[in-house]
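Below, each chain spelled out in residue letters.
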2 protein chains.
Amino acid sequence: MSSKRIAGPEIERLIQLLAKVPGLGPRSARRAALHLIKKKEQLLGPLAHAMADAVDKVRVCSVCGNVDTSDPCMICSDPRRDDSTIVVVEDVSDLWALERAGVQNARFHVLGGTLSPLDGVGPDDLTIAKLVSRVAAGGVAEVIIAVNATIEGQTTAHYITDQLAGMGVKVTRLAHGVPVGGELDYLDEGTLAAALKSRTAF
Amino acid sequence: MSSKRIAGPEIERLIQLLAKVPGLGPRSARRAALHLIKKKEQLLGPLAHAMADAVDKVRVCSVCGNVDTSDPCMICSDPRRDDSTIVVVEDVSDLWALERAGVQNARFHVLGGTLSPLDGVGPDDLTIAKLVSRVAAGGVAEVIIAVNATIEGQTTAHYITDQLAGMGVKVTRLAHGVPVGGELDYLDEGTLAAALKSRTAF
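Residues numbered from 1 in each chain as written. Chains lettered and ligands numbered in written order. Predicted model: local features only at pLDDT ≥ 70, side-chain atom pairs only at ≥ 80, totals over all residues. Heavy atoms only, no water.

- Chain A is annotated in an unreviewed UniProt entry as Recombination protein RecR from Mesorhizobium australicum.
- One UniProt comment on chain A, placed under Sequence similarities (unreviewed entry), says "Belongs to the RecR family."
- Heading Function (unreviewed entry) of the UniProt record for chain A holds this comment: "May play a role in DNA repair. It seems to be involved in an RecBC-independent recombinational process of DNA repair. It may act with RecF and RecO." (UniProt positions renumbered as here; feature names shortened; annotations may be inferred.)

As structure tokens, this is what we get:
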């Protein structure tokens, strides 16, 4: 019954495609489609235009791997950024998260994933060689490896550290510890042990 | 900090517009935008196209008030439908829900809302006059009022029943009772009282 056609093929296709957007499922895609259709002038039209615009203009930054409408991206072409620090992240979403936090005025480097031999992801599938040549080009004092605190992330971090060894660059990683606002009772032992080990003076 | 620009204006605009889609918020809009950008050829492009198509082609059916890419809509122009029954609903989403259930092979009539004096919605803001003229045109034996079981819905149902009085048409409404699969323990007293009152023989 769920395959019963309820409207013309154009509306069906819109619902089908909306259902593939992360955060929407088949049911919420119908709701979204109806809302968009009702707000045709205010929302559906502008959104269609913005999407077509993104298809035309968005590209991967040839320097750092970020996605943007210019190449080099907004961050790579920003003259006020500190060239001596490169923050290495797994994915563009991590770059966006760090930028929202707005704590580091550095350059970035997007790996495009993590090393994962079981999934067939080796060093050549990531942008590690490009990172090494960015460092080799000079002017970089510190590489901050901001990958996820997963096994794959840590493996990748170790591999990168090895690749950068002897290049005269400081390699650092994010601190492990208690999340701000977090309750000790809910944290795993690994995090608690790391937080205790890295305790700081009051 | 949340207003910090993380990418070019085209990407920012895409995120802003996606955040207005029901089911997505500011955070999930970013996630959705990034996913769409990564699947530019498979998803973003086709979705932009489907939306532009919908903007061009979707219109409100001049007979029943449904939205579709043809006017009269697919349901109004379907020759296999039973002309003698009209199911009256508040909104297109209710029409879609009933069609998915696929229980009634009838025609529909979308009111476009419910009577709500406090919100300034009177009979002229709904398609009640159009419903009365559809019935007056003849050939209709039954009008099933399938509005929501809310105060406004029931007020609207009574008003429509009054308007159709003396036109020789049977006016019915949906049964109240226990939802299929529902547990008595979780139901309100009104529903339980209605289900008991309308009990049927085994």
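There's plenty left to go through after this.
## A closer look at the overall build of chain A
- The secondary structure content of chain A amounts to seven helices and six strands.
- Going residue by residue from the N terminus, the α and β elements of chain A occur as α-α-α-β-β-β-α-β-α-β-α-β-α.
- Against the globule reference of 17 Å for 202 residues, chain A gives a C-alpha radius of gyration of 22 Å, more extended than a compact globule.
- In terms of overall dimensions, chain A has C-alpha extents of about 65 × 45 × 40 Å along its principal axes.
- Look at the contacts in chain A between residues 6 or more apart in sequence, and 48% of them connect residues 24 or more apart. (Helix = DSSP H or I, 4+ residues; strand = E, 2+ residues; numbered from the N terminus. Rg over C-alpha atoms; globule rule 2.2 N^0.38 Å. Contact = heavy atoms within 4.5 Å.)

## Regarding the sheet that holds strand β6 (residues 170–173) of chain A
All names here are of chain A.
- Reading across the sheet, the four strands line up as β4-β3-β5-β6 and stay open at both edges, with parallel pairing between neighbours. Only two strands of the sheet have a single neighbouring strand rather than two, namely β4 (106–110) and β6. Between one strand axis and the next, the sheet turns through 25° on average, direction left out of account.
- In this structure, strand β5 (residues 142–145) lies alongside β6, joined through four bridges in parallel fashion. Opposite I144, over in β6, you have T172 as the bridge partner. (Pairing = 2+ DSSP bridges. Axes fitted to C-alpha atoms, helices over the stretch in contact; angles between N-to-C directions.)

## Thoughts on the interface of chain A and chain B
- Of the residues lining the interface, 54 residues belong to chain A; the matching set on chain B comes to 54 residues.
- Between chain A and chain B lies a buried interface of about 5400 Å² when both sides are counted; carbon and sulfur atoms form 73% of it.
- At the boundary of chain A with chain B, the tally comes to four salt bridges.
- In this structure, the salt-bridge partner of E10 of chain B is K57 of chain A, at a minimum N-O distance of 3.6 Å.
- Sorting the residues of the side of chain A that touches chain B by element identifies α1 (9–18), α2 (26–38), α3 (40–57), β2 (67–68) and α4 (92–101) of chain A as the ones contributing at least two each.
- For the side of chain A that touches chain B, the element with the most residues is α3 of chain A, which contributes 14 residues.
- Looking at the side of chain A that touches chain B residue by residue, the classes come out as 31 nonpolar, seven polar and 16 charged. (Buried area = accessible area lost by both parts, 1.4 Å probe. Salt bridge = Lys/Arg side-chain N within 4 Å of Asp/Glu carboxyl O. Nonpolar A, V, L, I, M, F, W, Y, C, P; charged D, E, K, R; others polar.)

## With respect to the UniProt feature "domain: Toprim" (unreviewed entry) in chain A
- Cross-referencing UniProt, the feature "domain: Toprim" (unreviewed entry) maps to residues 84–179 of chain A in the present numbering.
- End-to-end, the C-alpha atoms of residues 84–179 of chain A are 28 Å apart, and along that stretch the chain is 34% helix and 20% strand.

## Concerning the packing of α2 of chain A against helix α4 (residues 92–101) of chain B
- Two elements in contact, α2 of chain A and α4 of chain B, have axes whose closest approach is 10 Å; the angle formed by their N-to-C orientations is 145°. The handedness of the crossing between α2 of chain A and α4 of chain B is right-handed. Residues R27, R30 and L34 of chain A of α2 of chain A form the contact with α4 of chain B, whose own contacting residues are V92, S93, W96 and R100 of chain B. (Left-handed = near helix turned anticlockwise from the far one by under 90°.)

## A look at the domain arrangement of chain A
- Domain boundaries in chain A define domain 1 (9–57) and domain 2 (67–173).
- The straight-line distance from the C-alpha centre of domain 1 of chain A to that of domain 2 of chain A is 34 Å. (Domains from an automatic or database assignment.)

## Some thoughts on the side chain of H109 of chain B
Residues and elements named next belong to chain B.
- Position of H109 among the secondary structure elements: in strand β4 (residues 106–110).
- Exposure remark for H109: the relative accessible area of 0% places this residue in the buried category.
- Within the structure, H109 has its side chain in polar contact with the backbone oxygen of T127 (distance 2.9 Å).
- Excluding residues within four positions of it along the chain, H109 makes contact with V63, C64, I86, V87, V88, V89, T127, K130, L131 and R134. (Buried < 20%, exposed > 50% of the residue type's maximum accessible area, 1.4 Å probe, protein only. Polar contact = N/O pair within 3.5 Å; in protein donor to acceptor, adjacent residues only side chain to side chain.)

## Observations concerning the relation of the copies chain A and chain B
- Taken as rigid bodies, chain A and chain B are interconverted by a rotation of 180° and an axial shift of 0.0 Å, the fit giving an RMSD of 0.1 Å. Taken together, the rotation and translation relating the two chain copies correspond to the operation of a two-fold axis. Taking C-alpha positions as reference, the residue of chain A nearest the rotation axis is A48 of chain A, located at 2.3 Å.
- When the interface residues of chain A are mapped onto chain B, 100% of them are again interface residues, pointing to one common binding face. (Least-squares fit on C-alpha atoms with pLDDT ≥ 70 in both.)

## Description of α2 of chain A
- Helix length check: α2 of chain A (13 residues) gives 19 Å between terminal C-alpha atoms against 18 Å at 1.5 Å per residue, within 8%.
- Along α2 of chain A, the positions that sit buried rather than exposed are S28, A29, R30, A32, A33, L34, L36 and I37 of chain A.
- Along its buried surface, α2 of chain A packs onto α1 and α3 of chain A together with α3 (40–57), β2 (67–68) and α4 of chain B. (Expected span 1.5 Å × (residues − 1).)

## A few points about the UniProt feature "zinc finger region: C4-type" (unreviewed entry) in chain A
- When the UniProt feature table is mapped onto this chain, "zinc finger region: C4-type" (unreviewed entry) is found at residues 61–76 of chain A.
- With 0% helix and 12% strand, residues 61–76 of chain A has its two end C-alpha atoms placed 8 Å apart.

## Some words on the environment of D124 of chain A
- Among the structural elements, D124 of chain A can be located in the loop between β4 and α5 (128–136).
- Taking the C-alpha atoms as reference points, D124 of chain A and D78 of chain A, separated by 46 residues in sequence, lie 28 Å from one another.

## Looking at the pattern of salt bridges
All names here are of chain B.
- Under the counting rule described, the total for this entry stands at 14 salt bridges over all chains.
- The closest approach of N and O atoms between D53 and K57, which form a salt bridge, is 3.3 Å. Of the two residues, D53 and K57 are both situated in helix α3; the distance of four residues between them amounts to about one turn of the helix.
- On the basis of relative accessible area, K57 is assigned to the partly exposed category, the value being 33%.
- E99 is the partner of R81 in a salt bridge, and the nearest nitrogen-oxygen pair spans 2.8 Å. Highlighted residues: R81 in the loop between β2 and β3 (82–89) and E99 in helix α4, separated in sequence by 18 residues. For the residue pair R81 and E99, the accessibility class agrees, reading buried in each case.

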